[in-house]
Amino acid sequence: MLNRLNPLFALVLIFSILYALLRKVYLSLSRQKFSSKHGCKPALRLPQRERLIGFDLLKEQMLAAKNHKLLETMRNRSAKYGNTYTATMMGQSYIVTNEPENLKAVLAMNFQDFGLRGRKESFGPLLGNGIFTSDGKSWEHSRALIRPSFVKAQVSNFDIFENHIQSLISLLPRDFSTVDLQPLFFRLTLDSATEYLFGESVDSLHVHDGSQETFASAFDYASSEIPKRYRMGPFVALYRNKRFFESCKLLHDFVDGFVEKALTETTKRGEQTEDKGRYVFLYELAKATRDPIQLRAEVMSILLAGRDSTASLLSLVFFTLARNPMVFAKLRREVDELGGKKPDYEMLRQMRYLKDILNEVLRLYPVVPNNSRYALRDTMLPCGGGPDGKSPVFVARGQIVTYCVYDLHRRRDLYGADADQFRPERWESLRPGWAYLPFNGGPRVCIGQQFALMEVSYMVVRILQTFRGLESRDTEEWKENLSATLSSLNGVKVAFSV
Ligand code: HEM
């Protein structure tokens, strides 16, 4: 029996090998044809001891992350090897690029050629399959579902922020003693986001019975583990961390309670999605889908995308303001022009200098400093190839195009010799286009951009209407803290005077 099967098995094996070889040859020829048709030339290869797994690069990245110098390391690498180069890490082939033209191609012009692979695996246990983790038709569905919640009418309703900013202000010392604003801002945005999403705030600035504390710490812990999971790439299944999965479960149980309430309430109320006169995101969403798992996934996505990013920006704004007294004084004059009135949408839109400050903070400290896209099919980037870096570069299906926004935003050839300096005035004439991507670009541009800028502007104005003076109480250099978003490792230690 064995003797009779062997020749058949050998034949199948030979055919399989032949087929694989022919396929490889065919693929290689068609890729060569594609490359020469578009004039593609290879990008520089990062020197690596071995390119099968790319352990050396992984080790370098992990060490840099541990020393809180990942972003500067990436910046130094591109200063040495150019704005576009290829590398291997965790067995995955990468094209690293900081060319605005290439980013425009990836995020907008050739949007259909790229997807998110890796995000679902790393964020999945926390977020499920919502707008932030999905691709293709499923993403289009999520985006269409969520878009109506970010129209101007919702973005210009600041009532939901007022109580929370007043709670924060009441916690700030008035005797010129030192306070670390960063953890307070993370509480503040959790409180305002949960109120907006669920119709009820977790009120973490005022812990009453410990349940809010549990929600806040589970959320903080779960989101802080995401970058570690993401760095594991295809080996993420090896990630074993009981506390992470327990935190996800706790958060899901908590959110499920609100989802259930939203489904019941919207059945009773029909089109009416306000609760006690307030707009509630979950109620609006529950009009469009009755699927509790999808509702949970979308709400978790918005919570993750919107909460940490807004808190990081607020923290970085005060970090830079406290270290730049002249800028603070100029902003102070702009705030004083409101005559102490609570700002509305139009008033905030007129505050040119505040807008320039936010732009400049997001340039120097983009709160989403690294990003990447996965090639779903063979495609190309318009530049970065050949010795002069001006030729198109072939991108093979399965390659990852990765970009460091932090590096892009500090390019001296794009922003001038003073690119490292905090100078909001540069925005009076600056129009950087695809060289400026704090909110990304193209069809997946941040859906909450206006909401975030309005929320941060509102909070900044209200704080400055309460306190006259601001002083930094930290002499250390800025150090990165890379969790779900970028923040300051040493916090934001400042003192206020009334
Ligand atoms: C300063 C604050 C914020 C910054 C810098 C920021 C930045 C970004 C960036 C860079 C992306 C693109 C991620 C990617 O596709 O790889 C993104 C996506 C997203 N942001 Fe924001 N964001 C901020 C605030 C918010 C807020 C307040 C919300 C909601 C309330 C929000 C909701 C979202 C959502 C849902 C996505 C996914 C969009 C999609 O994939 O279609 N963001 N954000």
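What you see as residue numbers is a count from 1 along each chain, following the sequence as written. Totals for whole chains, interfaces and linings use every residue, but because this is a predicted model, local features are given only for residues with pLDDT of at least 70 and side-chain atom pairs only at 80 or more, for both listing and counting. Side-chain descriptors were evaluated using all non-hydrogen atoms of the structure, hydrogens and water having been removed beforehand.

1. Let's talk about the UniProt feature "binding site: heme" (unreviewed entry) in the protein chain
Put simply, the rule is: UniProt positions are given in the numbering used here, feature names are shortened, and annotations may be inferred rather than shown by experiment. Runs of H or I in DSSP of at least four residues are treated as helices and runs of E of at least two as strands, each being numbered from the N terminus. Each residue is placed in one exposure class: buried if its accessible area under a 1.4 Å probe, protein chains only, is under 20% of its type's maximum, exposed if it is over 50%, and partly exposed if it falls in between.
On the UniProt side, "binding site: heme" (unreviewed entry) is annotated at positions that read C446 here. Counting through the fold element by element, C446 comes out in the loop between α18 (412–415) and α19 (449–466). On the basis of relative accessible area, C446 is assigned to the partly exposed category, the value being 34%.

2. Topic: the sheet that holds strand β15 (residues 493–497)
Backbone-to-backbone hydrogen bonds pair the strands of a sheet. The strands run either parallel or antiparallel. This is how it is decided: Any two strands between which DSSP finds at least two bridges are classified as paired.
The sheet built from three strands is open, its strands ordered β5-β15-β12 with antiparallel pairing. Every interior strand has two partners, whereas the edge strands, β5 (179–180) and β12 (469–472), have only one. In terms of strand pairing, β12 meets β15 through four bridges, oriented antiparallel. By the bridge assignment, L470 is partnered in β15 with F496.

3. Topic: the packing of aromatic side chains
This is how it is decided: Note on aromatic pairs: the rings of Phe, Tyr and Trp (six-membered ring only in Trp) are paired at centre separations within 6.5 Å, and the planes decide the class, stacked below 30 degrees, edge-to-face beyond 60, tilted for the rest. Only when the NZ atom of a Lys or the CZ atom of an Arg is both within 6 Å of the ring centre and within 35 degrees of the ring normal do we say a charge sits over the ring.
As enumerated under the stated definition, the model contains 25 aromatic pairs in all. Note on Y196 and F451: the rings are 4.8 Å apart at their centroids and 40° apart in plane angle, and the pair reads as tilted. Pair noted here: Y196 is in helix α9 (residues 181–198) and F451 is in helix α19, with a separation of 255 residues, a long-range link. Like F451, Y196 is buried. Between F215 and F254, the aromatic rings sit 4.4 Å apart at their centres with planes inclined by 40°, giving tilted as the arrangement. Placement of F215 in helix α10 (residues 211–231) and of F254 in helix α11 (residues 242–269) is noted, with a sequence separation of 39 residues between them. Its relative accessible area of 0% is what places F215 among the buried residues. An aromatic cluster is present here, built from F150, F158, F161, Y196, F281, F451 and Y458 joined pairwise through their rings. When the ring centre of Y365 is taken as reference, the NZ or CZ atom of R410 above it lies at 5.6 Å.

4. Regarding the sheet that holds strand β8 (residues 370–375)
Pairing is mixed in the open sheet, where six strands are placed in the order β1-β2-β3-β11-β8-β4. Among the strands making up the open sheet, the edge pair consists of β1 (44–45) and β4 (114–115). In terms of strand pairing, strand β2 (residues 84–89) meets strand β3 (residues 92–97) through six bridges, oriented antiparallel. Looking across to β3, one finds that T84 is bridged to T97.

5. Examining the environment of A262
Here A262 is to be found in helix α11. Between the C-alpha atom of A262 and that of Y283, which follows or precedes it by 21 residues, the distance is 5.3 Å.

6. Let's talk about the site of the ligand
Let me state the cut-off plainly: A cutoff of 4 Å decides nearness: a residue is near a molecule or strand if any of its heavy atoms lies inside that distance of it. Here a polar contact is recorded for every N or O atom pair within 3.5 Å, except that within protein the pair must consist of a potential hydrogen donor and a potential acceptor, and residues adjacent in sequence are included only if both atoms are side-chain atoms.
By nearness alone, 25 residues border the ligand, and R119, W139, R143, N371 and C446 come closest of all. A distance of 2.7 Å separates an oxygen atom of the ligand from a polar atom in the side chain of R143. Listed by contribution, the elements that provide at least two residues to the shell around the ligand are α6 (136–146), α13 (292–323), β8 and α19. With six residues, α13 is the largest single contributor of residues to the shell around the ligand.

7. What to know about the pattern of salt bridges
Should their charged atoms come close, side chains of opposite charge can pair. Under the convention used in this document: In the sections that follow, a salt bridge refers to a side-chain nitrogen of Lys or Arg positioned within 4 Å of a carboxyl oxygen of Asp or Glu.
In the structure shown here, the tally under the stated rule is 31 salt bridges. The salt bridge involving K249 is made with D253; its shortest N-O contact spans 2.7 Å. Placement of the pair is K249 and D253 together in helix α11, with a separation of four residues, close to one helical turn. A salt bridge links D418 to R423; its shortest N-O distance comes to 2.8 Å. One network of salt bridges, in which partners are shared, links E72, R75, R410, R412 and D420.

8. Quick word on unusual backbone geometry
Positive phi is not limited to glycine here, since F176 has a value of about 65°. With respect to the secondary-structure elements, F176 resides in the loop between α8 (159–171) and β5. With a relative accessible area of 34%, F176 lands in the partly exposed category. With phi around 50°, D203 is a residue other than glycine that occupies positive phi space. When you line up the elements, D203 lands in the loop between α9 and α10.

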